[in-house]
Amino acid sequence: MHHAELAWPLGGGLMLGSARPADGDRWPLRPGTFGAYVVCDDVDALFARAVAAGATVGSEPAGTDYGSRECLLLDPEGNHWSFGTYRGEPRP
């Protein structure tokens, strides 16, 4: 499976994808790891707590062209955790 998404009416959802090579991709998922996007209200505070707890920084909190504030952190097992304020488009 390359990509699958489960969405709900008010926005948000769950996205799943396959492992892929690292060629310039900031999400180079390797077999045995996963990536998750988690919606939160205060990305900067969450980022500070995660870094203080030992998370590896993938990218510092920053704004996106679609209006979200996001960061990327990696846990000790190499899993990718993206945190952001983007809840997705509401569904009919």
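Let us look at the structure shown here.

Reading guide: rules and limits
Residues numbered from 1 in each chain as written. Predicted model: local features only at pLDDT ≥ 70, side-chain atom pairs only at ≥ 80, totals over all residues. Heavy atoms only, no water. Helix = DSSP H or I, 4+ residues; strand = E, 2+ residues; numbered from the N terminus. Buried < 20%, exposed > 50% of the residue type's maximum accessible area, 1.4 Å probe, protein only. Contact = heavy atoms within 4.5 Å. Areas by Shrake-Rupley, 256 points an atom, 1.4 Å probe, with all protein chains shown as cover. Phe/Tyr/Trp six-rings, centres within 6.5 Å; stacked < 30°, edge-to-face > 60°. Pairing = 2+ DSSP bridges.

**Side note on the overall build of the chain**
Working step 1: When helices and strands are tallied, the chain shows 1 helix and 6 strands.
Working step 2: Going residue by residue from the N terminus, the α and β elements of the chain occur as β-β-β-α-β-β-β.
Working step 3: Counting all 92 residues of the chain, 25% fall into the buried class.
Working step 4: Long-range contacts, defined here as pairs at least 24 residues apart, represent 42% of the contacts in the chain between residues at least 6 apart.
Working step 5: With an accessible surface of roughly 6100 Å², the chain has 60% of that area assigned to carbon and sulfur atoms.

**Some points on the packing of aromatic side chains**
Working step 1: The full count for this structure, using the stated rule, is 3 aromatic pairs.
Working step 2: Seen from their ring centres, Tyr66 and Tyr86 are 5.1 Å apart, and the 70 degrees between their planes marks the pair as edge-to-face. One end of the pair, Tyr66, is in the loop between strand 4 (56–63) and strand 5 (69–74); the other, Tyr86, is in the segment after strand 6 (80–84), with 20 residues separating them in the sequence.
Working step 3: Here Tyr86 falls in the partly exposed class, since its relative accessible area comes to 30%.

**Some words on the pairing of strand 6**
Working step 1: Of all the 5 residues making up strand 6, 4 are buried; the element is thus mostly covered by neighbouring parts of the structure.
Working step 2: Summarising the sheet, strand 3 (residues 35–39) and strand 6 pair through 5 bridges and their orientation is parallel. In the strand pairing of strand 6, Val38 is matched with Phe83.
Working step 3: In the sheet, strand 5 pairs with strand 6 via 5 bridges, with the strands oriented antiparallel. Across the sheet, residue Cys71 finds its bridge partner in strand 6, namely Phe83.

**Some thoughts on the pairing of strand 5**
Working step 1: Both strand 4 and strand 5 contribute to a ladder of 5 bridges, which runs antiparallel. Paired with Val57 across the bridge in strand 5 is Leu73.
Working step 2: Where strand 4 hands over to strand 5, the hairpin turn is made up of 5 residues, of which Gly67 adopts a positive phi near 90 degrees.
Working step 3: Between the end of strand 5 and the start of strand 6, which pair antiparallel, lie 5 residues, with Gly78 showing a positive phi angle near 90 degrees.

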